Amino acid sequence: IFVGWQMTVDSVMGGAAALRRVETELRAGRRYDVFVIDWRMSGFDGVATLRHLRALLGTDTPPAILISASDEPDMRERAHQQFDAVLLKPILRSTMRDTLLRVLQPQGDRSPMQGARDSDSETLLRKQHSGQRVLVVEDNPINQEVAKALLVRAGLVVETAENGVLGVQYALASAY
């Protein structure tokens, strides 16, 4: 996902391994610019991992993004108290890029909209448009599946068309 972004990425398995890696990097005089942490891991979860990292790094703790396959209210509540952003799987490349750009901006450079929680737009979409019909016109089956899953999760009713001709036919035949 980071290919071509000119970033160095370290990957470890679990919270304890993350702590060991960060300690090793600190001893070598290197620090991380951002943490991307999965919520469900063996040992301690993502929230506990960040708590341990903060205890180690103090005010030098970089921004942190929580990754989750679940949109459980408990996870959201706990995450938004500690993390700079929450991303739900599947994660699109553009969503990861936008989130990284937002959390890596210096605090003073963030506009109020950029400081909003990631769930705000999904919550607003669900509140104002739940049950409405959406037509996704996309020729790539994987992109169709991802778009449909994201929109259904936001409470929308989704139909797909695999090309523009069908998309126009569907749009003329039904209201979206």
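Below is a short write-up of the structure. Predicted model, so just to flag it, every value in this text is computed and none were measured. (Residues numbered from 1 in each chain as written. Predicted model: local features only at pLDDT ≥ 70, side-chain atom pairs only at ≥ 80, totals over all residues. Heavy atoms only, no water.)

## What to know about the layout of surface pockets
Working step 1: Considering only enclosed or pocket space, the largest pocket measures out at about 840 Å³ in volume.
Working step 2: Looking at the largest pocket, it is lined by 29 residues, and the ones nearest its centre are Val9, Asp10, Ser11, Val34 and Val36.
Working step 3: Put simply, the parts of the chain that give the lining of the largest pocket at least two residues each are α1 (15-27), β1 (35-38), α2 (46-57) and α4 (93-104).
Working step 4: Residues of the lining of the largest pocket, tallied by class, amount to 17 nonpolar, five polar and seven charged. (1 Å grid on protein atoms, 1.4 Å probe; cavity = no way out; pocket = protein on both sides within 12 Å on 5 of 7 lines; lining within 4 Å. Points joined across faces, edges and corners; volume = space filled by probe spheres on them. Helix = DSSP H or I, 4+ residues; strand = E, 2+ residues; numbered from the N terminus. Nonpolar A, V, L, I, M, F, W, Y, C, P; charged D, E, K, R; others polar.)

## Looking at α4
Working step 1: With 12 residues, α4 should reach 16 Å at 1.5 Å per residue; the first-to-last C-alpha distance of 16 Å fits that figure.
Working step 2: By the burial criterion, the buried members of α4 are Met96, Thr99, Leu100, Arg102 and Val103. For α4, the angular spread of buried residues about the axis comes to 165°, placing them on one side. (Expected span 1.5 Å × (residues − 1). Buried < 20%, exposed > 50% of the residue type's maximum accessible area, 1.4 Å probe, protein only. Arc of directions from axis to C-beta.)

## Observations regarding unusual backbone geometry
Working step 1: Of note, the amide linkage connecting lysine 89 to proline 90 takes the cis form, showing an omega dihedral of 0°.
Working step 2: Among the secondary structure elements, proline 90 is positioned in the loop between β3 (85-88) and α4.

## Comments concerning the packing of α1 against α2
Working step 1: Interaxial distance between α1 and α2 falls to 9 Å at its minimum, and their mutual angle equals 20°. Comparing their axes, α2 and α1 come out roughly parallel. As for the relative orientation of α1 and α2, their crossing is right-handed in sense. Here Gly15, Ala18, Leu19, Val22, Glu23 and Leu26 of α1 come into contact with α2, specifically with Thr49, His52, Leu53, Leu56 and Leu57.
Working step 2: Split by residue class, the contact of α1 with α2 holds seven nonpolar, three polar and one charged. (Axes fitted to C-alpha atoms, helices over the stretch in contact; angles between N-to-C directions. Parallel < 35°, antiparallel > 145°, perpendicular 65-115°, else oblique. Left-handed = near helix turned anticlockwise from the far one by under 90°. Contact = heavy atoms within 4.5 Å.)

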